[in-house]
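# Remarks on the overall topology
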Amino acid sequence: MSDSALKIVDGTALSAVQKKDLLNRLARIEGQLRGVQKLIAQAAQPSDCDAVAQQMAAARKALDRSFVQLLTNSIVNQSENAQDLAAAQASASRLAAMLDKFA
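The structure contained in this document is the topic of the report that follows. (Residues numbered from 1 in each chain as written. Predicted model: local features only at pLDDT ≥ 70, side-chain atom pairs only at ≥ 80, totals over all residues. Heavy atoms only, no water.)

## Looking at helix α1 (residues 16–42)
Its 27 residues place the ends of α1 39 Å apart at the C-alpha level, agreeing with the 39 Å of an ideal helix rising 1.5 Å per residue. Among the residues of α1, Gln18, Lys19, Leu22, Ile29 and Val36 are the ones counted as buried. Buried residues along α1 sit in contact with α2 (48–80). (Helix = DSSP H or I, 4+ residues; strand = E, 2+ residues; numbered from the N terminus. Expected span 1.5 Å × (residues − 1). Buried < 20%, exposed > 50% of the residue type's maximum accessible area, 1.4 Å probe, protein only. Contact = heavy atoms within 4.5 Å.)

## Things to note about the pattern of salt bridges
With the rule as written, the count across this model stands at 2 salt bridges. When the shortest N-O distance is used, the salt bridge between Arg25 and Asp21 registers 3.4 Å. Of this pair, Arg25 and Asp21 are both found in helix α1, 4 residues apart, which corresponds to roughly one turn of the helix. Arg25 gets classed as partly exposed once you look at its relative accessible area, which sits at 26%. (Salt bridge = Lys/Arg side-chain N within 4 Å of Asp/Glu carboxyl O.)

Structural measurements only, silent on function.
Quick look at the structure:
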């Protein structure tokens, strides 16, 4: 994925720098997954499954780190952009629910 493939829009959810960083991380994960597909296609020996499993685990961990980064950035941005304490609390509750649902 190149930067020109997706237009980064302005908003308060994430900064442009945060979005670009997350998109770069996801592009690397996408490359890892393509590598896993090749490993699976070329697996000939039982020991090849070890390499596949190792690369799958690495991709899963990288995706988990991206998820945590998304939540962390969201918490910081939405707290900073809250109009008042009630808005900050509502945002925190929404993000906590998202964490509970997806983590």
